[in-house]
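# Structure at a glance
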Amino acid sequence: MSIQRHCFPDHQQASKACAHHVMAVLEDALAGRPYATLALSGGVTPKTLFENLAASVFPWDRVHFFWVDERLVSPTDPASNYGMAERWFLKPARVPRKNIHRIFGELQPETAAKRYCDDIREFFGLAPGEMPHFDLIHRGIGPDAHTASLFPGERLLENREDIAAAVLVDQLSQWRVTMLPGVLLAAQRTVFLVTGNEKAQAVRAIFQEPYDPMKYPAQMTSHHGRKVAWFMDESAASFMDQI
């Protein structure tokens, strides 16, 4: 396991550096085969990252896109993680539709989760019980140190057998579909983009509190992932003892 932590003066610079890292990882993956795999996260933070990626000269038609999690809403809903990526990244970059493996948030929770799991199994050619190995999974965190849609105390944090599942986020009264820890930990590489002062306490806890992923879910990959890189701005890293 190796962890890199990079801190930049502001969100814009952190996002730009993260974009360069994403493309470098995918370029390495493409050197050995005809396609690469990237799983994206949503929320507000990645918008600038997506804009940087879309504006770059890169063979995006050789990348297959998946999602770490999704809110169970229509793809045209402003809350849709897929919809945000489509607007700021996939359409401007002219990514072929066949390369897009979205979570169908307009379906019922269990149906959406099963369809997504089946898509991943088919694409990767997985045997029963086998985990996919994404070339890169892009992640973020919440102010409570949740990541993907795995919130503190969520029983699915202990699930290493399944690929994805429907989850009811009680504090938001909202259904989502999320990748599960077995997939997140199996990724060849993981990149976190975290900015803003509201994330500072969570960042400090992830790196400096005793290991307790049920309390701080993002600790899991940071302590047990393969190659993990963090891109932060000074606000997000402001409570760290050192960076």
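Along each chain, residues carry numbers from 1 onward, in the same order as the chain's sequence is written. Two thresholds apply to this predicted model, a pLDDT of at least 70 for residue-level local features and 80 or more for giving and counting side-chain atom pairs, whereas whole-chain, interface and lining totals are computed over all residues. Computation of side-chain values: all heavy atoms of the structure, hydrogens and water removed.

## Brief notes about the overall build of the chain
Note the cut-off: Counting from the N terminus, the helices are DSSP H or I runs at least four residues long and the strands are E runs at least two residues long. Radius of gyration: over C-alpha atoms. The globule rule applied is 2.2 Å multiplied by the number of residues raised to the 0.38 power. Residue burial is assigned from relative accessible area. The probe radius is 1.4 Å, only protein chains are included, and a residue is buried under 20% of its type maximum, exposed over 50%, and partly exposed in between. Note on contacts: a residue pair qualifies if any of its non-hydrogen atoms lie within 4.5 Å across the two residues. By the counting scheme adopted, Arg and Lys are positive, Glu and Asp are negative, and His together with the chain ends is not counted. The location of each charge is read from NZ of Lys, CZ of Arg, CG of Asp or CD of Glu.
The helix and strand inventory of the chain stands at seven helices and nine strands. Scaling as 2.2 N^0.38, a compact globule of 243 residues should have a C-alpha radius of gyration of about 18 Å, and the chain matches this with 17 Å. Reported as C-alpha extents along the three principal axes, the dimensions of the chain are approximately 45 × 40 × 35 Å. The 243 residues of the chain split such that 55% are buried. For the chain, contacts bridging at least 24 residues in sequence account for 76% of all contacts bridging at least 6. Measuring between centres, the 25 positive side-chain charges of the chain sit 4 Å from its 28 negative side-chain charges.

## Digging into the packing of helix H2 (residues 46-54) against helix H3 (residues 81-90)
Stated formally: A fitted line through C-alpha atoms represents every axis, and for helices the fit uses only the stretch in contact; the resulting angles, taken between N-to-C directions, go from 0 to 180 degrees. Each residue receives one of three labels: charged for Asp, Glu, Lys and Arg, nonpolar for Ala, Val, Leu, Ile, Met, Phe, Trp, Tyr, Cys and Pro, and polar for the others, Gly being one of them.
The interhelical angle for the contact between H2 and H3, taken along N-to-C directions, is 35 degrees, at an axis separation of 8 Å. Here Pro-46, Lys-47, Phe-50, Glu-51, Leu-53 and Ala-54 of H2 come into contact with H3, specifically with Met-84, Ala-85, Trp-88 and Phe-89. Looking at the contact of H2 with H3, its residues break down into eight nonpolar, no polar and two charged.

## A closer look at the sheet that holds strand S5 (residues 136-139)
Stated formally: For two strands to pair, DSSP has to find at least two bridges joining them.
Strands sit in the order S1-S9-S8-S5-S2-S3 across an open sheet of six strands; the sheet is parallel. Of all the strands in the sheet, just strand S1 (2-8) and strand S3 (63-67) have a single pairing partner and so form its edges. On average, each strand axis in the sheet is tilted by 15 degrees relative to the strand beside it, whichever way the strands run. Bridge count for strand S2 (residues 36-40) against S3 is five bridges, and the pairing is parallel. Across the sheet, the residue bridging to Thr-37 is His-64, located in S3.

## Considerations on H2
Of all the residues in H2, the buried ones are Pro-46, Thr-48, Leu-49, Phe-50, Leu-53 and Ala-54. Elements that come into contact with the buried residues of H2 comprise helix H1 (11-30), S2, H3, S5 and strand S8 (189-194).

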